[in-house]
Amino acid sequence: MIVSWNTTNQCNMFCDHCYRDAGAKASDELSTAEGKALLDEIKKAGFKIMIFSGGEPLMRPDIFDLVEHAVGLGLRTVFGTNGTLITMDVAKRLKKLGVMGMGISLDSLDQGKHDRLRKFAGAWTGAVQGMKNCRAAGLPFQIHTTVMDWNQDEVLDITDFAVEMGAVAHHQFFLVPTGRAKSIEDDALKVEQYEGLLAKIMKKQKEVKIELKPTCAPQFMRIAKLDGMNLRFNRGCLAGTHYCIISPKGLVQPCAYLDMYIGNVRETPFSEIWANNEVFKKLRTLEYKDGCGACAFKVKCGGCRARAAIYHDGDYMAEDPWCLYRS
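What counts and how
Residues numbered from 1 in each chain as written. Predicted model: local features only at pLDDT ≥ 70, side-chain atom pairs only at ≥ 80, totals over all residues. Heavy atoms only, no water. Core = buried A, V, L, I, M, F, W, Y, C linked by side-chain atoms within 4.5 Å. Buried < 20%, exposed > 50% of the residue type's maximum accessible area, 1.4 Å probe, protein only. Contact = heavy atoms within 4.5 Å. Helix = DSSP H or I, 4+ residues; strand = E, 2+ residues; numbered from the N terminus. Phe/Tyr/Trp six-rings, centres within 6.5 Å; stacked < 30°, edge-to-face > 60°. Pairing = 2+ DSSP bridges. Arc of directions from axis to C-beta. Polar contact = N/O pair within 3.5 Å; in protein donor to acceptor, adjacent residues only side chain to side chain. 1 Å grid on protein atoms, 1.4 Å probe; cavity = no way out; pocket = protein on both sides within 12 Å on 5 of 7 lines; lining within 4 Å. Points joined across faces, edges and corners; volume = space filled by probe spheres on them. Nonpolar A, V, L, I, M, F, W, Y, C, P; charged D, E, K, R; others polar. Disulfide = S-S within 2.5 Å.

S.K.: Now, about the nonpolar core: what can you tell me, with residues and values included?
M.R.: Core analysis: the largest hydrophobic core is formed by 90 residues, its most contacted members being Ile 42, Phe 52, Met 102 and Phe 270. Those residues in contact with Met 102 that lie beyond four places of it in its chain are Phe 79, Thr 81, Ile 86, Leu 94, Cys 134, Leu 139, Pro 140, Phe 141 and Gln 142.

If you want it as structure tokens, here you go:
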């Protein structure tokens, strides 16, 4: 099971697609003591993988203390970061603390395009230097790419770049219009493009040794299964079943893109929210509607619950409209 904690809303960038609308630090973010208590609860709830994200998590002053606590609990600790703050000293320190991997964002091989998306001059150069520093420190890293219509033709080339850089994986995040991304909804792939790119990524997986993982695109599980591929993943959409996210203020969501707060760790222990919340319980029934409910790949795929909610007036159990398959 995987949990992502947006440790801070503070960020040195102002990306067009940010689901958290990050930038300035929030006034009431969880304190160090509250953060450590949250990590204790995450361990108690049975989670194995702890993602420190943001905003930009490396802008949080106590991040190393929090990492040390997470590692001490036995959580497999990783980061989601824009990479620009990973100096050599930071990479070495994170490696020494026991961090298992860094997810570094890179959305284009064109420096100008990447920088424009992230509203930050030097974003591309900083991200690549962060990768080099991780590699030099022996700290595993992977590349994260947000997929949109204007960079879809670059995705497989970015995979080749990831191999060249020594990344252990390339994860492709398909744009979901939440947060600031609502303003660029038209940049999301259309259904036919979406299916076509997923097929290309799965074909590419057969050609490269690093892991390729489409995210917010659970139909890749169906494509892989029908092609006879045996991936290490058991399911496509993990929202509420094997994954959730916690905001800088301690608000719990089923996933980053399912824009609904269902609990507050300041009011209810996280382990209790995870075990007893009615939204989580409903998601775990897998009792989806229409196409997703009748699909032979309901268990393996699950459809994107965030897109279901966005395009069906908040109904997160509705069918995923970004799917062409009908069993």
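S.K.: Could you give me a rundown of the environment of Lys 298, with the residues and numbers involved?
M.R.: Topologically, Lys 298 is positioned in the loop between α11 (290–294) and α12 (305–311). For Lys 298, a relative accessible area of 26% corresponds to the partly exposed category. For Lys 298, the contacting residues outside a window of four places in its chain are Arg 235, Leu 286, Tyr 288, Cys 292 and Gly 293.

S.K.: Summarise the packing of aromatic side chains; cite the residues concerned and give the values.
M.R.: Inspection of the entire model under this criterion finds 11 aromatic pairs. Seen in terms of ring centroids, Trp 5 and Phe 52 are 6.1 Å apart; in terms of plane orientation they differ by 50°. Their pairing is tilted. Of the two residues, Trp 5 sits in strand β1 (residues 2–6) while Phe 52 sits in strand β2 (residues 49–53), which places them 47 residues apart along the sequence. Trp 5 gets classed as buried once you look at its relative accessible area, which sits at 0%. Between Trp 124 and Phe 161, the aromatic rings sit 6.2 Å apart at their centres with planes inclined by 40°, giving tilted as the arrangement. With Trp 124 in helix α5 (residues 123–137) and Phe 161 in helix α6 (residues 155–165), this pair connects stretches of sequence that are 37 residues apart. Accessibility classification places Trp 124 together with Phe 161 in one group, the buried group. Three or more aromatic residues joined by ring pairs make a cluster, and in this case those are Phe 47, Phe 270, Trp 274 and Phe 280.

S.K.: Let's hear about unusual backbone geometry: which residues, and what values?
M.R.: Gly 54 connects to Gly 55 through a cis peptide bond whose omega is 15°. Within the secondary structure, Gly 55 sits in the loop between β2 and α2 (63–72). Of note in the backbone geometry, Cys 216 takes a positive phi value of approximately 60° without being a glycine. Mapped onto the secondary structure, Cys 216 falls in the loop between β7 (211–215) and α8 (220–226). One non-glycine residue, Asp 313, lies in the positive phi region at around 55°. One can find Asp 313 in the segment after α12. With relative accessibility at 83%, the residue Asp 313 sits in the exposed group.

S.K.: Describe in detail the pairing of strand β5 (residues 141–147), supporting the description with residues and values.
M.R.: For a regular strand, side-chain orientation follows a simple rule: the groups alternate between the two sheet faces. Among the 7 residues that make up β5, 7 are buried, leaving the element largely enclosed by the rest of the structure. Every second residue of β5 is oriented toward a common face, with Phe 141, Ile 143, Thr 145 and Val 147 on one face and Gln 142, His 144 and Thr 146 on the other, all of them buried. Pairing geometry for β5 and strand β6 (residues 169–174), over 6 bridges, is parallel. Residue pairing across strands places Thr 145 opposite Gln 172, the latter belonging to β6.

S.K.: Explain helix α10 (residues 278–285) to me, and be specific about the residues and the numbers.
M.R.: Every buried residue of α10 is accounted for by Val 279, Phe 280 and Leu 283. End-on view of α10: buried residues confined to an arc of 100°, all on one side of the axis. Where α10 begins, the capping side chain belongs to Asn 277, and its oxygen is found 2.8 Å from the backbone nitrogen of Val 279. Phi for Leu 286, located one or two positions after α10, is positive at around 60°.

S.K.: Describe empty space enclosed by the protein, and please don't skip the residues or the numbers.
M.R.: Evaluated as defined, the whole model comprises 2 cavities of 30 Å³ or more. The wall of the largest cavity is formed by 15 residues, among which Gly 291, Cys 292, Cys 295, Cys 301 and Cys 323 lie closest to the centre. Tallied by class, residues from the lining of the largest cavity come to 6 nonpolar, 4 polar and 5 charged. Lining the second largest cavity, in full, are Val 147, Phe 174, Leu 175, Ala 188, Leu 189, Tyr 194, Arg 307 and Trp 322. Residues of the lining of the second largest cavity, tallied by class, amount to 7 nonpolar, no polar and 1 charged.

S.K.: Mind laying out the state of the cysteines, listing which residues take part and the relevant values?
M.R.: Simply put, disulfide is the name for a covalent bond between the sulfur atoms of two cysteines. In total, this model carries 0 disulfides according to the counting rule given. The cysteine Cys 18 is free of any disulfide, with Cys 15 supplying the nearest cysteine sulfur at 6.4 Å. Not part of a disulfide, Cys 301 finds its nearest cysteine sulfur in Cys 323, a span of 6.1 Å.

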